[in-house]
Amino acid sequence: MTTISRAALHVGSPVLDLVDVDVKDPGPGEILVRMGASGVCGSDRHVLDGDWRMPSPTVMGHEGAGTVVAVGDGVTTARAGDHVILAWFAPCMKCRACAAGRTWVCTGSHSETCLLPDGSSPMTRDGEPVYPYLAVGSMSEYTVVPEQAAVVVPDGVPFEIAALLGCSVSTGFGAVVNDAGVEPGRAAVVIGAGGVGLSIIMALGLAGANPIVAVDVTDEALELAASFGATHLVRAGDDAAAQIREATDGGADYAFEAIGRPESIAGMPELLARGGTGVVVGLPPEDRPVAIDALALAEEGKRLIGSNYGSTVPRRDFPLLASLYLAGKLPVDRLITHRVGLDSVNGAFDAMRAGARGRTVVVF
């Protein structure tokens, strides 16, 4: 049996085609989800604009939440009717990293192949396979994911909030808490005030960082950053580094790059105090190496670390983030600046390319 699902399909062009795809019933260890919401994320735009290569044709979307429709044999963590957040990096739970609890660096995940663990795609069109982006494909009315990619959360968390918890919020929160281990009273700078950058700022506030310096190219983005807890605002430009050093009394203890721009990644060490830590959160285009002054890192005891999904463990972190939201400590709803239907998804990506800030969410 299959379910007919309206989906946003990428076939080489930056413009998505809205088509019907067939979604199979869940097999062993799999879950069929009716989507409630999907975030419009910069990672999707990287694929659409040719920065990253993925199997094609691709059903886009990786930041989503919805309702469980059916489960396959052997599934024990969810049942029909549950509300779930989808994780775009589903661990295999078998490799050395997973055995050590480091699921964010799993070496056996099929997510980046856009396939289920058995090597198949859950979606077809005209009898030919299509590939759900990162094995999620949240810009589709229905999708099938492996059990480990669907985490049950309370029904009181709206789908559009839950969707953002699954990527931008968990990535930003995890970069601060899991990767950097930010301590109270430490100075931090955040480069880029998009969805992930704003999530980093929220997490820095919860961690007690001070000051928190936000850097971006537009006043709109900086105003948003201030509303989320940034104490100092700096327009990106030639004198930005000097302004940051002044605001942080000589340099930040932590710097977070949330854009994926090679030039700003390369400039992070200059923003750090001696012994400071730079965290690369944004993902640059493929084949764009970054030049780093390694001598300065060594001489001044600075560190530069990568943050993959904020070292998120979905079954641990998604419920925590949901509880923080429900307690009023994580105002994720303020990240959302636009809600659109699936038919308007191309306009949402155009707005992102034009510099729109905050987060647009597709609501089904």
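The rules behind the values
- Residues numbered from 1 in each chain as written.
- Predicted model: local features only at pLDDT ≥ 70, side-chain atom pairs only at ≥ 80, totals over all residues.
- Heavy atoms only, no water.
- Helix = DSSP H or I, 4+ residues; strand = E, 2+ residues; numbered from the N terminus.
- Buried < 20%, exposed > 50% of the residue type's maximum accessible area, 1.4 Å probe, protein only.
- Core = buried A, V, L, I, M, F, W, Y, C linked by side-chain atoms within 4.5 Å.
- Salt bridge = Lys/Arg side-chain N within 4 Å of Asp/Glu carboxyl O.
- Phe/Tyr/Trp six-rings, centres within 6.5 Å; stacked < 30°, edge-to-face > 60°.
- Lys NZ or Arg CZ within 6 Å of the ring centre and 35° of its normal.
- 1 Å grid on protein atoms, 1.4 Å probe; cavity = no way out; pocket = protein on both sides within 12 Å on 5 of 7 lines; lining within 4 Å.
- Points joined across faces, edges and corners; volume = space filled by probe spheres on them.
- Nonpolar A, V, L, I, M, F, W, Y, C, P; charged D, E, K, R; others polar.

1. Brief notes about unusual backbone geometry
Of note, the amide linkage connecting Ser56 to Pro57 takes the cis form, showing an omega dihedral of 0°. Following Asn210, the chain continues to Pro211 via a peptide bond in cis, the omega torsion being -5°. Here Pro211 lies in the loop between helix H4 (195-207) and strand S12 (212-216). Backbone geometry places Leu134, a non-glycine residue, at a positive phi of 55°. Within the secondary structure, Leu134 sits in the loop between strand S8 (128-132) and strand S9 (142-146). The phi torsion at Asp249 lies on the positive side, around 60°, for a residue other than glycine. Mapped onto the fold, Asp249 is located in the loop between helix H6 (240-247) and strand S14 (252-257). Looking at Asp249, the relative accessible area reads 75%, which means it is exposed.

2. Details of the nonpolar core
Grouped together as the largest cluster of nonpolar side chains are 94 residues, with contacts concentrated most on Leu165, Val182, Ile200, Ile201, Leu204, Phe256 and Val332. No other element matches the 11 residues that helix H3 (residues 159-180) contributes to this core. With 15 residues, the next largest nonpolar core counts Ala240, Leu271, Leu272 and Val280 among its residues.

3. Considerations on the pattern of salt bridges
Applying the stated criterion across every chain yields a total of 14 salt bridges. Where Glu263 meets Arg288, a salt bridge forms, and the shortest distance between an N and an O atom there is 3.4 Å. You can see Glu263 sitting in helix H7 (residues 262-266) and its partner Arg288 sitting in the loop between strand S15 (272-280) and helix H9 (294-299), a full 25 residues away along the chain. The partly exposed category is assigned to Arg288, whose relative accessible area is 38%. Where Lys302 meets Glu300, a salt bridge forms, and the shortest distance between an N and an O atom there is 2.7 Å. On the basis of relative accessibility, which here comes to 11%, the residue Lys302 falls in the buried class. The network of salt bridges with shared partners includes Arg45, Asp49, Asp350 and Arg353.

4. Some words on the packing of aromatic side chains
Considering all chains together, one arrives at 2 aromatic pairs under this definition. Judged by centre distance (6.1 Å) and plane angle (70°), the ring pair of Trp88 and Phe89 falls under edge-to-face. One exposure class covers both Trp88 and Phe89, and it is buried. Centroid distance Trp88 to Tyr309: 4.3 Å. Interplanar angle 25°. Geometry classified as stacked. Pair noted here: Trp88 is in the loop between strand S6 (83-86) and helix H2 (96-99) and Tyr309 is in the loop between strand S16 (303-306) and helix H10 (314-326), with a separation of 221 residues, a long-range link. The same class applies to Trp88 and to Tyr309, which are both buried. Each member of the aromatic cluster is reached from another via a ring pair, and the members are Trp88, Phe89 and Tyr309. Taking NZ or CZ as reference, Arg34 lies 5.2 Å from the ring centre of Tyr142, over its face. The positively charged end of Arg334 is found above the aromatic ring belonging to Phe228, 4.7 Å away from the centroid.

5. Comments concerning the layout of surface pockets
Empty space within the second largest pocket amounts to approximately 170 Å³. Lining the second largest pocket are 14 residues, with Pro91, Cys92, His110, Pro117 and Gln148 sitting closest to its centre. Among the residues making up the lining of the second largest pocket, the classes are represented as 8 nonpolar, 5 polar and 1 charged.

Worth remembering: the numbers are spatial, not functional.
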